[in-house]
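Now for the letters of each chain:
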Amino acid sequence: MDRHDLYELCVQSPPDAVRLLREAHGGEPRVLGEDFCGTAAVARAWVSSVPGGRAVGVDHDPEVLARAAALAPPGLTLIRGDVRTATDPADPAHRCDVLFVGNFSIGELHDRPALVAYLRRCRERLTPGGVAVIDTYGGETAFRTGTLGRLRIGPRGEIVRSIWEQREADPLTARVVNALHFRIEEDGEITQELFDAFVYRWRLWSA
């Protein structure tokens, strides 16, 4: 498995995300916008499970978009670019009932003008009654450094260990550096290890 396979296995649960997003809307949403979409796992699950569902995924990384395109079901549109400018709110194809930013990706925006510009774009893209769902983290432990490990079972029965590390954290600037590492064990042996598979430099946004 490559780092994207491991990420989807250990970090994401697209069917659960789709259920949460539909409940957050409270109606019968049909179109999902997934910004900072990465491999568009949630958008793919949305199109595959929501009757008449359609999705638009936006990301700036050509590597993950190429992967998403190879797996994309009909009804998923992928756009490469900056989430603040890559879509056109006047284009009905870019408007959505639910706009989703998962896995703390809002932290990629590091200053208030950028955040405000993005939130304004979110509002413009939403259909009447639409909702934006943005995933972040906070609280008294938000700037505590350390690691958190989890176990998952891979497709061949292998043990996959993911380690989430908050490496640096500064409450004065609200900046953090986080990393995600993976280790695969089969028959009691380590067969694959990915250190710093993903490294993130985020600004944490409080309420």
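Since the model is a prediction, treat every value here as computed from it, not as a measurement. (Residues numbered from 1 in each chain as written. Predicted model: local features only at pLDDT ≥ 70, side-chain atom pairs only at ≥ 80, totals over all residues. Heavy atoms only, no water.)

Participant: Where do I start with helix α5 (residues 112–125) in this structure?
Facilitator: Owing to its 3.6 residues per turn, the α-helix aligns residues three or four sequence positions apart on the same side. With 14 residues, α5 extends 20 Å between its outermost C-alpha atoms, agreeing within 8% with the 20 Å of an ideal straight helix rising 1.5 Å per residue. Considered for burial, the residues of α5 that qualify are A114, L115, Y118, R121, C122 and R125. End-on, the buried residues of α5 take up no more than an arc of 125°, which puts them together on one face. The outward face of α5, more than 90 degrees from its buried face, is lined by the exposed residues R112, P113 and R123. Buried residues along α5 sit in contact with β1 (31–35), β2 (54–59), β4 (96–101) and β5 (126–134). At the N-terminal end of α5, a side-chain oxygen is found 2.9 Å from the backbone nitrogen of A114, two or three residues along, and the residue is D111. (Helix = DSSP H or I, 4+ residues; strand = E, 2+ residues; numbered from the N terminus. Expected span 1.5 Å × (residues − 1). Buried < 20%, exposed > 50% of the residue type's maximum accessible area, 1.4 Å probe, protein only. Arc of directions from axis to C-beta. Contact = heavy atoms within 4.5 Å. Polar contact = N/O pair within 3.5 Å; in protein donor to acceptor, adjacent residues only side chain to side chain.)

Participant: Just checking my understanding: could you explain the nonpolar core for this structure?
Facilitator: Looking at soluble globular proteins, one finds that nonpolar side chains tend to be buried together. Formed by 19 residues in total, the largest nonpolar core has its most connected members in L21, L32, V42, W46 and A55. At the level of elements, α2 (14–25), α3 (41–49), α4 (62–71) and β4 are the ones that each hand at least two residues to this core. Broken down by element, the residue count for this core peaks at 5 residues, all from α3. Among residues more than four places away in sequence, those in contact with L32 are L21, V42, A43, W46, R54, A55, V56, C96, V98 and F100. Listed in part, the 17 residues of the second largest apolar core include C96, L99, I106 and C122. (Core = buried A, V, L, I, M, F, W, Y, C linked by side-chain atoms within 4.5 Å.)

Everything listed here is a matter of coordinates, which is why it stays silent on function.
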